[in-house]
Amino acid sequence: TNARAFWGTAMDLSERVEAAPEPISIQRCRDLLGDEADALSDDDVRAIVRHADAMARILLVLAAPDGGIH
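About the cut-offs
Residues numbered from 1 in each chain as written. Predicted model: local features only at pLDDT ≥ 70, side-chain atom pairs only at ≥ 80, totals over all residues. Heavy atoms only, no water. Axes fitted to C-alpha atoms, helices over the stretch in contact; angles between N-to-C directions. Helix = DSSP H or I, 4+ residues; strand = E, 2+ residues; numbered from the N terminus. Parallel < 35°, antiparallel > 145°, perpendicular 65-115°, else oblique. Contact = heavy atoms within 4.5 Å. Buried < 20%, exposed > 50% of the residue type's maximum accessible area, 1.4 Å probe, protein only. Salt bridge = Lys/Arg side-chain N within 4 Å of Asp/Glu carboxyl O.

A.B. asks: When you look at the packing of helix 2 (residues 26–33) against helix 3 (residues 42–63) in this model, what are you seeing that I'm missing?
C.D. replies: A pair of packed helices is characterised by two quantities: the angle between their axes and the separation of those axes. Relative to each other, helix 2 and helix 3 sit at 75°, their axes nearing to 10 Å. As summarised for this structure, helix 2 and helix 3 are arranged roughly perpendicular, according to the angle between their axes. For the pair helix 2 and helix 3, the contacting residues are Ile-26, Cys-29, Arg-30 and Leu-33 in the first and Asp-42, Val-45, Arg-46, Ile-48 and Val-49 in the second.

A.B. asks: Please clarify how the environment of Arg-46 should be interpreted in this entry.
C.D. replies: With respect to the helices and strands, Arg-46 occurs in helix 3. Using a relative accessible area of 29% as the deciding quantity, one classes Arg-46 as partly exposed. Considering only alpha carbons, one finds Arg-46 and Ile-26, 20 residues apart in sequence, at a separation of 7.2 Å.

A.B. asks: Would you mind showing me how to read the pattern of salt bridges here?
C.D. replies: Once their charged atoms are close, side chains differing in charge can pair, the charge on each being opposite to the other. As enumerated under the stated definition, the model contains three salt bridges in all. One salt bridge connects Arg-30 with Asp-42, and the closest N-O pair in it is separated by 2.9 Å. Taken as a pair, Arg-30 in helix 2 and Asp-42 in helix 3 lie far apart in primary sequence, 12 residues in all. On the basis of relative accessibility, which here comes to 17%, the residue Arg-30 falls in the buried class. Using a relative accessible area of 38% as the deciding quantity, one classes Asp-42 as partly exposed. With its nearest N and O atoms 2.8 Å apart, the salt bridge here joins Asp-53 to Arg-57. Taken as a pair, Asp-53 and Arg-57 lie in helix 3 at a separation of four residues, close to a single helical turn.

Any functional reading would require information beyond the geometric quantities listed.
Structure (structure tokens):
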């Protein structure tokens, strides 16, 4: 199989996940973020959720026995 590396920022990747449904509510995300979320708009929280989702997906791919970096 061909392995390819894509360069860019993690935030670039989060934009590609935009169509995915949010698994938890904005309020629950705010609860998880704690006091830091008080100054954030709902759009800011959604951006953080997309970023965290993208990072989690990358980590899962890297952790997979056949998908990781060799």
